[in-house]
Amino acid sequence: MDAQKYILSPPSLEELAGKLRKPLSSNYAFSNVSVVRCPDLRESPFRLATRGLSGAEKVADVGGQRNLFPQPRLNTTWSLTEIAAAMEMSPERGSLIGAGAGPFHVVGQNCELAPNLKWEGRFENLDNQTRLAKMVDGEAIVEKSLSADCALMVNLYASLGQPGPVLKIMARKRIGSVRSFTECIRSALSAAYGDSHIVSLGGAFVVKSGKARYHIMPDFPKEEDLPFEDRGQVDKWLTYHDFDGPIVCLSVLHSADPGSKLELRMEHTHAFSPVEGRNAGGHYHYDLEDSDEEVDYEGYFNTAKVLYRIEKPTTE
């Protein structure tokens, strides 16, 4: 795989906590940012494949939106374990979480993917808790993925899945204008560290209560309806859904893309319900003000020490 590698120099978690406290308190009536030992994320409500977020912490941006717009590039499919190898993860142990497009070539239609898996001994020895969201007859369906593949684009946080110190970020009752929890975090890091210093975070958060908006890509348009004419046509093609919590969200975000040379997706978050059989999830956008319950977030994040830009789309 075509992979570019960049060594990152993240600030300490304690420093990051200090940079995040004021922006969070300005946007939410109640917030707290601290450094704690990561809880066991295999437990409720997260139900991740991996226990923690520490050890060989890395992020990858694979493919990109140009593989979807103006026309889907159906030859852009990958194995998540193949990507893990390109990220120089050991086959002995590791984990991936994140957000991307699902394996349409396996599922039989386009879909959203929330990668959530670990391996031990070899890449093929997987505990695959990945979820996918798809549209079937106008209804949202969220289910476990039977495949370890992805397509078009995916943003991943990799680690050994070990317990260790992490950022714990809690926020409740939004009072500010930044509607997205992850964008509030990302924009705060961008303001603190500028365009020249990349700070990349990966982790998981739960929308404990309140309602948020998500989108789910339907199947690809018919050939006669392609290419997409503009971004507005893409937005009309997407299906939008408002789901109440609890919803688990897996996220990768960056404070900067110096000169946009890497064409990084600055924030990408996909979600699924921790309640078995509940069809709720997709691509997280923001919380809604008209919810009957106050929005309440609880998240755990760690910094990446290495960034990989893999299979960057061509301009053709």
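Our structure is the block above this text.
Residues numbered from 1 in each chain as written. Predicted model: local features only at pLDDT ≥ 70, side-chain atom pairs only at ≥ 80, totals over all residues. Heavy atoms only, no water.

## Examining the sheet that holds strand β16 (residues 247–254)
Selection criterion: What makes two strands pair is DSSP finding at least two bridges between them. Numbering of helices and strands runs from the N terminus, with a helix taken as a DSSP run of H or I at least four residues long and a strand as a DSSP run of E at least two residues long. For every element, the axis is a line fit to its C-alpha atoms; helices are fit only across the contacting stretch, and the angle between N-to-C directions ranges from 0 to 180 degrees. Here a residue-residue contact requires only that any non-hydrogen atoms of the pair lie within 4.5 Å.
On the basis of which strands lie adjacent, the open sheet formed by nine strands has the order β2-β12-β19-β13-β16-β17-β18-β14-β15 and antiparallel pairing. Two strands bound the open sheet, and with one partner strand each, they are β2 (28–37) and β15 (239–244). Neighbour-to-neighbour, the strand axes of this sheet turn through a mean angle of 30 degrees, independent of strand direction. The pairing of strand β14 (residues 211–216) with β15 spans six bridges and is antiparallel. In the sheet register, A212 faces β15, and the bridge partner there is F243. The strands touched by helix α4 (residues 181–193) within the sheet are β2, β12 (165–174), β13 (200–209), β16, β17 (267–272), β18 (281–287) and β19 (296–303), with β16 carrying the most contacts at an inclination of about 20 degrees.

## Let's talk about the pairing of β12
Sheet topology note: the β2/β12 ladder contains nine bridges and is antiparallel. Bridge pairing in β12 places V35 opposite L167. Summarising the sheet, β12 and β19 pair through six bridges and their orientation is antiparallel. Each residue of the ladder has a partner; that of L167, found in β19, is F301.

## A look at the pattern of salt bridges
In plain terms, the rule: The working definition used for a salt bridge is a side-chain nitrogen of Lys or Arg within 4 Å of a carboxyl oxygen of Asp or Glu. Relative accessibility under 20% of the residue-type maximum defines a buried residue, over 50% an exposed one, and the middle range a partly exposed one, all with a 1.4 Å probe and only protein chains included.
In total, this model carries 14 salt bridges according to the counting rule given. Between R309 and D61 there is a salt bridge, with the nearest N and O atoms lying 3.4 Å from each other. Taken as a pair, R309 in strand β20 (residues 306–310) and D61 in strand β3 (residues 58–63) lie far apart in primary sequence, 248 residues in all. For the pair formed by R309 and D61, the shared burial category is buried. The shortest N-O distance in the salt bridge between E263 and R66 comes to 2.5 Å. Pair noted here: E263 is in the loop between β16 and β17 and R66 is in the loop between β3 and β4 (77–79), with a separation of 197 residues, a long-range link. Residue class for E263 comes out partly exposed when judged on its relative accessible area of 34%. A single salt-bridge network, built from bridges that share partners, covers R174, D287 and E289.

## Here we look at the packing of helix α1 (residues 13–27) against α4
This is how it is decided: Note on angle classes: values under 35 degrees are labelled roughly parallel, values over 145 roughly antiparallel, values of 65 to 115 roughly perpendicular, and the remainder oblique. When the near helix sits turned anticlockwise from the far one by under a right angle, the crossing is termed left-handed; a clockwise turn instead gives a right-handed crossing.
Where α1 contacts α4, the axes come no closer than 9 Å and their chain directions differ by 125 degrees. In terms of orientation, α1 and α4 fall into the oblique class. Of the two possible hands of crossing, α1 and α4 adopt the one that is right-handed. Seen from α1, the contacting residues are E15, L16, K19, L20, P23, L24 and N27; seen from α4, they are F181, C184, I185, A188, L189, A192 and Y193.

## Section: the side chain of S54
When you line up the elements, S54 lands in the loop between β2 and β3. The exposure class of S54 is buried, given its relative accessible area of 8%. When near neighbours in sequence (up to four residues on either side) are disregarded, S54 contacts S159, L160, G161, Q162, P163, G164, P165 and N302.

## Describing the packing of aromatic side chains
Our working rule: Only Phe, Tyr and Trp rings are paired, with Trp represented by its six-membered ring, and only when their centres lie within 6.5 Å; those with planes under 30 degrees apart are stacked, over 60 edge-to-face, the remainder tilted.
Inspection of the entire model under this criterion finds 13 aromatic pairs. Consider the rings of Y28 and F181, whose centres lie 6.5 Å apart with planes at 70 degrees: the pair is edge-to-face. Linking Y28 in strand β2 with F181 in helix α4, this pair joins segments that are 153 residues apart in sequence. One exposure class covers both Y28 and F181, and it is buried.

## Side note on unusual backbone geometry
Note that the residue after S44, namely P45, is joined by a cis bond; omega there is 5 degrees. Assignment of secondary structure puts P45 in the loop between β2 and β3. The omega torsion across G245 and P246 is 5 degrees, close enough to zero to call that bond cis. Here P246 is to be found in the loop between β15 and β16. For A56, which is not glycine, the phi dihedral falls at a positive 50 degrees. The residue A56 is located in the loop between β2 and β3 in this model. Assessed through its relative accessible area of 36%, A56 is described here as partly exposed. Despite not being glycine, E263 has its phi angle at roughly 55 degrees, a positive value.

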